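As a plain string of letters, each chain reads:
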Amino acid sequence: MRFGVLTGGGDCPGLNPAIRAVVYRARQRGHTVLGFLDGWKGLRDDLTRGFEDVDLGPLVGKGGTVLGSSRTNPFTTPEDADKVLRTLDRHGIDVLIAIGGDDTLSAGRELARRGRKVVGVPKTMDNDVGATDWTFGFDSAATVAVEALERLRDTADSHHRVVVLEVMGRHAGWVALATGLAAGADFTLLPEEPYRPEELLQHVRAGVARRGYALVVASEGIDLGAKGSVGGKDEFGHELLRERGVGAFLARQIEEQTKFETRSAQIGHIQRGGPPTLFDRLLATRLGAKAVDLALAGRTGEVAVLRGSEVVGVPFDEALRSPKVVGPEWIDLLHTFDG
Ligand code: F6P
């Protein structure tokens, strides 16, 4: 069998171990793999790389993706869709393994609907793919954000300030939740909850009263009502949330209302770089190998996911049914520790 593999959407730690696992597993089972560069753009424009002369071993600990990535949607025009099919035929690809978040997996499902064999592997620092308990990339990104808040704690303490850390995560609050819980924020704002300025100020005041400073974590996707949408959009129609600057907005509000000196920091893409954590290395490796196993078992049209401690295959439709957002039990736990 000849496999194709691509990585699409925002990069995250774990992509390289997943690619490595696809290539090793396929080779070990007697098959070959061709990489497509820069996500779906590589399939549309026929940009490829082989793995024959690459030492894939060290990739297990490297962030980013050796295949490159982009947010290209190949099914926006019939011409582009035809180009994708022609590229697959030209290279004699039997099964495509598409590694990505909701957008990349949706494009994978579309390709499957057009009669091609596709297996999906979910990834994203946002952890918002519905069918899998965790996505790789999330643990690494949240670990970086936790370290960032701990560093901000030192400087907030020295200057007796309030500091707001804005983290990414799109419309799911997983990264903010993990950061607030694991680094001990006084208050954490999630997209899953309405903005409650009075509660925010109350916990900031309590933190400052107790120890002279306070820490706030805000997810980039929180709804601030009137502040509305100001960001541009990507090719899949998603608003570029970081352009809204919710952290800076909250810092201004806090300073105005409390008169405490307040600063904000936007960690941004720093969360997406660097080596994958142990958890992400293992999850990515298991899912990459599982994707090949699913294909060899004739189970294309499925996505390899984590359910409990098992990696299993589920149909694309099930994997894409609804995004995974932070539920009430997590939210209850989070607010147990408000300042
Ligand atoms: O989906 C991953 C993510 O990092 C989001 O958390 C963030 O909103 C977005 O990508 C940023 O996109 P870009 O890398 O295109 O700026």
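Cut-offs used in this document
- Residues numbered from 1 in each chain as written.
- Predicted model: local features only at pLDDT ≥ 70, side-chain atom pairs only at ≥ 80, totals over all residues.
- Heavy atoms only, no water.
- Buried < 20%, exposed > 50% of the residue type's maximum accessible area, 1.4 Å probe, protein only.
- Helix = DSSP H or I, 4+ residues; strand = E, 2+ residues; numbered from the N terminus.
- Pairing = 2+ DSSP bridges.
- Contact = heavy atoms within 4.5 Å.
- Near = heavy atom within 4 Å.
- Polar contact = N/O pair within 3.5 Å; in protein donor to acceptor, adjacent residues only side chain to side chain.
- Nonpolar A, V, L, I, M, F, W, Y, C, P; charged D, E, K, R; others polar.
- Domains from an automatic or database assignment.
- Buried area = accessible area lost by both parts, 1.4 Å probe.
- Salt bridge = Lys/Arg side-chain N within 4 Å of Asp/Glu carboxyl O.
- Axes fitted to C-alpha atoms, helices over the stretch in contact; angles between N-to-C directions.

Observations regarding the pairing of strand 10 (residues 302-307)
Link 1 in the chain: Counting buried positions along strand 10 gives five out of six residues, so the element sits mostly inside the fold.
Link 2 in the chain: Both strand 5 (residues 117-122) and strand 10 contribute to a ladder of two bridges, which runs parallel. Paired with Val119 across the bridge in strand 10 is Glu302.
Link 3 in the chain: Across six bridges, strand 10 lies against strand 11 (residues 310-315) in antiparallel orientation. Of the residues in strand 11, the one forming a bridge with Arg307 is Glu310.

Description of the environment of Val167
Link 1 in the chain: With respect to the helices, strands and loops of the structure, Val167 is situated in strand 6 (residues 162-167).
Link 2 in the chain: Along the backbone, Val167 and Val311 are 144 residues apart, and their C-alpha atoms lie at a distance of 29 Å.
Link 3 in the chain: Dropping the residues within four chain positions of it, Val167 is found in contact with Ala145, Val175, Ala176, Thr179, Val217, Ala218, Ser219, Glu220, Ile267 and Gln271.

Some details on the site of the ligand
Link 1 in the chain: Residues in close proximity to the ligand include Arg71, Met125, Asp126, Met168, Gly169, Arg170, Glu220, His269 and Arg272, which together make up its full environment.
Link 2 in the chain: Taking Gly169, its main chain carries an N or O atom lying 2.9 Å from an oxygen atom of the ligand.
Link 3 in the chain: The separation between an oxygen atom of the ligand and a polar side-chain atom of Arg170 is 3.4 Å.
Link 4 in the chain: Among the residues making up the shell around the ligand, the classes are represented as two nonpolar, two polar and five charged.
Link 5 in the chain: In this structure, the shell around the ligand is formed jointly by two domains, domain 1 (2-136 + 276-319) and domain 2 (142-273), each of which donates at least three residues.

Some points on the environment of Val175
Link 1 in the chain: If you trace the backbone, Val175 turns up in helix 6 (residues 174-183).
Link 2 in the chain: Val175 gets classed as buried once you look at its relative accessible area, which sits at 0%.
Link 3 in the chain: For the pair Val175 and Val22, spaced 153 residues apart in sequence, the C-alpha separation works out to 27 Å.
Link 4 in the chain: Discounting chain neighbours no more than four positions away, the residues touching Val175 are Met125, Phe138, Ala142, Ala145, Val167, Met168 and Gln271.

Here we look at the domain arrangement of the chain
Link 1 in the chain: In terms of domain boundaries, the chain breaks down into domain 1 (2-136 + 276-319) and domain 2 (142-273).
Link 2 in the chain: The gap between the C-alpha centroids of domain 1 and domain 2 is 33 Å.
Link 3 in the chain: Both faces combined, the contact of domain 1 with domain 2 buries some 1400 Å², and carbon together with sulfur accounts for 55% of it.
Link 4 in the chain: Ranking the residues of domain 1 by area buried against domain 2 places Arg71, Asp103 and Met125 at the top, with a combined share of 44%.
Link 5 in the chain: Seen at the junction of domain 1 and domain 2, the total is two salt bridges.
Link 6 in the chain: Measuring nitrogen to oxygen at the nearest pair gives 4.0 Å for the salt bridge that ties Arg170 to Asp126.
Link 7 in the chain: Applying the counting criterion to the domain 1 and domain 2 interface returns three residue pairs in polar contact (both at pLDDT 80 or more).

So, the sheet that holds strand 6
Link 1 in the chain: Taken together, the four strands give an open sheet; going across it, the order is 7-8-6-9, and neighbouring strands pair in parallel fashion. Of all strands in the sheet, those with a lone pairing partner are strand 7 (187-189) and strand 9 (262-266), marking the two edges. Neighbouring strand axes in the sheet, compared pairwise and without regard to direction, differ in orientation by 15° on average.
Link 2 in the chain: Pairing of strand 7 with strand 8 (residues 214-219), which is carried by three bridges, proceeds in the parallel orientation. By the bridge assignment, Phe187 is partnered in strand 8 with Val216.
Link 3 in the chain: Contacts from helix 8 (residues 246-258) reach strand 6, strand 7, strand 8 and strand 9, with the element oriented near 175° to strand 9.

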